[in-house]
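Inside the fold
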Amino acid sequence: MKKYNEATDTIIDWFHSKEWAPFEFQKSVWKAYLSGKSGLIHSATGSGKTYAAWLGAVIEGVHEQAVQNAKPVKPIKNIRKIKKANTLKVLWITPMRALANDILNNLCLPVTDLGLNWKVESRTGDTSIAKRAQQKKNIPDALITTPESLTLMIAQKDSPEYFKGLKCIIVDEWHELIASKRGVMTELALARMRILNPQAKVWGVSATIGNLDIALKALSGAHYDKKKNIIVEGVKDKKIIIDSIIPDKIDTFPWAGHLGIKLLPRVIEEVEKSKTTIVFTNTRSQTETWFKEILEKRPDWAGVLALHHSSLDKDTRTFVENDIRKGNLKCIVSTSSLDLGVDFSPVERVIQIGSPKGVARLMQRAGRSAHNPDGTSRVTCVPTNAFELIEVSAAREAVREKKIEARYPIEKPLDLLTQHLVTIAVGTGFRLEEMFEEVKTTYSYRNLEEKEFLWALDFVIRGGSTLNAYPEFKKVILQGDLYVVENRRIAQRHRMSIGTIVSDAAMVVKYVTGGYIGSVEENFIAKLKPGDKFIFGGRPLEFVKVKDMTAFVKRSVSYKGLIPTWDGGKMPLSSELCEAVRKKVTEAKNGIYSSSEMKALEPIFEFQEKLSSLPAYNELLIEHFQARDGHHVFFYPFEGRLVHEGLLALFAYRISKIKPLSFSLSSTDYGLELSSSDEIPFMEAIKNGLFSPENLYEDIIQSLNVFELAKRQFREIARVSGLIFQGYPGSKKTVRNIQASSSLFYDVFIKYDPENLLLYQANKEVMERQLEQSRLFKTIERIHKSKLIINEIERPSPFCFPILAENFRAKLTTEKFEDRVARMQVEYGTEE
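To keep things clear, this report deals only with the structure shown in the data block.

Definitions and limits used
The numbering scheme is per chain: residues are counted from 1 as the chain's sequence reads. Local features in this predicted model are restricted to residues of pLDDT 70 or higher, and side-chain atom pairs are both shown and tallied only at a pLDDT of 80 or more, whereas totals for entire chains, interfaces and linings draw on every residue. Side-chain calculation: all heavy atoms of the structure are included, whereas hydrogens and water are not. Fitted lines through C-alpha atoms give the axes, limited to the stretch in contact for helices. The angle between two N-to-C directions lies from 0 to 180 degrees. Numbering goes from the N terminus for both helices and strands, where a helix is a DSSP run of H or I of at least four residues and a strand is a run of E of at least two. The hand of a helix crossing depends on one turn: near helix anticlockwise from the far one by less than a right angle means left-handed, and clockwise means right-handed. We call two residues in contact whenever any of their non-hydrogen atoms come within 4.5 Å of each other. Under this grouping Gly is polar, as are all residues other than the nonpolar Ala, Val, Leu, Ile, Met, Phe, Trp, Tyr, Cys and Pro and the charged Asp, Glu, Lys and Arg. Identification of polar contacts relies on pairs of N or O atoms within 3.5 Å, with a donor-acceptor requirement for protein atoms, meaning one able to donate a hydrogen and the other able to accept it, and with residues adjacent in sequence counted only if both atoms are side-chain atoms. The classification of residues rests on relative accessible area computed with a 1.4 Å probe and restricted to protein chains. Under 20% of the type maximum is buried, over 50% is exposed, and intermediate values are partly exposed. One requirement defines pairing of two strands: DSSP has to find at least two bridges between them. Here Asp and Glu are counted as negative and Lys and Arg as positive; His is not counted, and neither are the chain ends. Salt bridge criterion: a side-chain nitrogen from Lys or Arg within 4 Å of a carboxyl oxygen from Asp or Glu.

1. Comments concerning the packing of helix H18 (residues 432-440) against helix H19 (residues 450-462)
Closest axis-to-axis distance for the H18/H19 pair is 11 Å, and the angle between their directions is 115°. Seen from above, H18 lies across H19 with right-handed handedness. Contact residues: Leu432, Met435 and Phe436 in H18; Glu450, Phe453, Leu454 and Leu457 in H19. Partitioned by chemical class, the residues of the contact of H18 with H19 number 6 nonpolar, no polar and 1 charged.

2. A look at the side chain of Thr151
Positionally, Thr151 belongs in helix H6 (residues 147-154). At a separation of 2.8 Å, a polar atom in the side chain of Thr151 contacts the main-chain carbonyl oxygen of Pro147.

3. Section: the environment of Leu305
Here Leu305 lies in strand S10 (residues 305-308). Residue Leu305 is classed as buried on the basis of its relative accessible area, which comes to 8%. Sequence-distant contacts of Leu305, defined by excluding residues within four places in its chain, comprise Phe291, Ile294, Leu295, Leu329, Cys331 and Val333.

4. Some words on the environment of Gly367
Among the structural elements, Gly367 can be located in the loop between helix H15 (359-366) and strand S13 (377-382). We classify Gly367 as buried; its relative accessible area is 4%. If sequence neighbours within four positions are ignored, Gly367 has contacts with Thr45 and Ser377.

5. Quick notes on the sheet that holds strand S12 (residues 347-353)
By way of backbone hydrogen bonds, the strands of a sheet pair with one another, either parallel or antiparallel. Across the sheet, 6 strands lie side by side as S8-S13-S12-S9-S11-S10; this open sheet has parallel pairing. Pairing within the sheet leaves two strands with one partner each, and these edge strands are strand S8 (240-244) and S10. Within the sheet, the average angular offset between the axes of one strand and its neighbour, ignoring direction, is 20°. Pairing geometry for strand S9 (residues 276-280) and S12, over 5 bridges, is parallel. Across the sheet, residue Ile278 finds its bridge partner in S12, namely Val350. Along the sheet, helix H16 (residues 388-400) contacts S8 and S13; its crossing angle with S8, the most-contacted strand, is approximately 165°.

6. Details of the side chain of Asp753
Position of Asp753 among the secondary structure elements: in the loop between helix H29 (735-752) and helix H30 (757-770). Of the side chains with opposite charge, Arg462 comes closest to the buried, unpaired Asp753, at an N-O distance of 8.3 Å. With residues up to four places along the chain from it excluded, the contact list for Asp753 reads Ser465, Thr466, Val748 and Leu759.

7. Observations concerning the pairing of strand S5 (residues 168-171)
Burial of the side chains of S5 extends over both faces: Cys168 and Ile170 are buried on one face and Ile169 and Val171 on the other. Taken together, the 4 bridges between strand S2 (residues 90-93) and S5 define a ladder with parallel strand orientation. When the bridges of S5 are listed, Leu91 appears paired with Ile169. As defined by bridge partners, S5 adjoins strand S6 (residues 201-206) across 4 bridges and the pair is classed as parallel.

What follows is the structure in structure tokens.
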């Protein structure tokens, strides 16, 4: 360690030259790195994590350069001078290629200032073919890349030579990757890097995550050692102000979706107070809507108001990001595309439209403002319905109590394993036992059984037991003791498919005159006729035609038109935020209103108590009433939309065993409703085990059309595992073709190969990802032990009104939704 003292002092002097002072946690990371340790850096957003991770390697480089420069140069006569080939020393993995340029600028700054003879570059999906070829000839000292691009590099035959000098791997935003298949892809890439460079150090960088121990183990894999793999805690208590815009008048009957835009004037007032503000939304549709509404109210902001989301053209997004850095923008309306990593110093305020849905997400977004260690981040929440004020108050308390969501790696996804086996076979090839042991060194595959590995191997060798007659599925062959891909066409197609993790049912949008705008989902375009108007990227457009999976448009003069919709818009509340909400409702039951948001909701809670009850933390409220359209039963577990959808199906199934009924089902994050034209025997069902944990898994399987859900989920699995090739550039398959192909494979496997492990994976992913099985089971156990409050009510209570409104939203009607809700409010009465 002493040999690095001089280089470390140089780094500290560099900090002082910038009028900065290194944090103790940064110096701790450098010390640990230089002593050969690996680990996880956990610190608040904007607190210096990047330089904590990066400068250990820089100190090492500064020291080595100083030693090299101190050596006397001995002249060599009669020998032609040969330029020594450079080696890659540091690999920086980022989850988003959009962050690569920003990271590149940050990493280059100390390298340039210190005169370190290092070349720092990036390689992502946006890097040109020519640039990639240049990087193979002139290897950079440090490379910023994504999990997909790294995997593509591993699929090259010369990858061992390329990575042989690697000393350090840094995984940025590890909390963002860990719980996804991209995180598993990263784990597999790290396992390969450790095989090539056993001494390479691996450091993760993370901001908001609740289970640091698991995060470190997932990063370290089988190499985890308490002494050699450490967690370094950085700035934990960065001040965050969480406040909200509270409506002047709150309806006694709140419902979803009406308050957001009504608060637009107040949002504009808040934006005016700051130099630069990011307005975050939860969906791309919401982003488009708010951009349009703000611009209509403030046309003078044209040019200083911008739009940013993942479906927009890369050049557009980059232009916006650069304008933010320069301080040229007053307001940016964005989705999660600006959540991560980017340092936008001019941003003073963050506004969150709607519920943040999770504690970590709110903290992450708040950190985009005052992006420096000493600054106070501020996020102002704008409710889109009255009850979201509870969530703001609950989230503030959860932040104060440091109750952050945990994130867990996906357990041994076999579709990704089959992809990885082909990746290594395309590259260097692999030996059976060595590959099995290498895969098992990852945390995700630590429990992989030999029979599962052999099944995956058989799948890539001959397509399993059902596809062995088709040559295109015979991808890997055995040459001696080495498994390789010999067919060049198969190798090319696989390299093109690497990183196919999610199914983006996207269609390119272009002007007929030329110019790429972005992409929207095919289902949205399919509903348009030539001449139809829609708003996308903040631009009024007129649909012209579709050709070769491209929607051609022209500019429209009118801002009146449809807003594109994207799947995944209804995120459920996290378990931590649900628990915090239940505590807030309990406080209201006890007459405690400890925040401005809860005080604003006091009339609603009092009206709820008058018509029905408020449930305490250990209670389950059930309401029922009869109306002209039939019988309604409401349950309020406060466990989030996905769990409630599972409970709906379960309750309907268990009740139908007592009395066959046709149900109408509806749910929100707070509760769920069963309605029927006939009387619902829910009391008898409760006595017969409606909330019983017994036979729970079997009843869920029976209650849901798991077959259809799994068939839909299998589409992603088919793409990742290589069953479906999306097509070459310029001749991409349509989403409809991909759906049909995956459905065909699913049906064939069900009929002829029911033991196929990809079918098992599809069922598992449906249960965990779509129904949150583990959380659903815990909810049933909690309800089973809870005290039941069963109230027959004469008219809808404030709690059940949003669920009724959601039910009406789902029904086809010629009546405008807002008008129908307003009529319901008059019908049921809002006065006590």
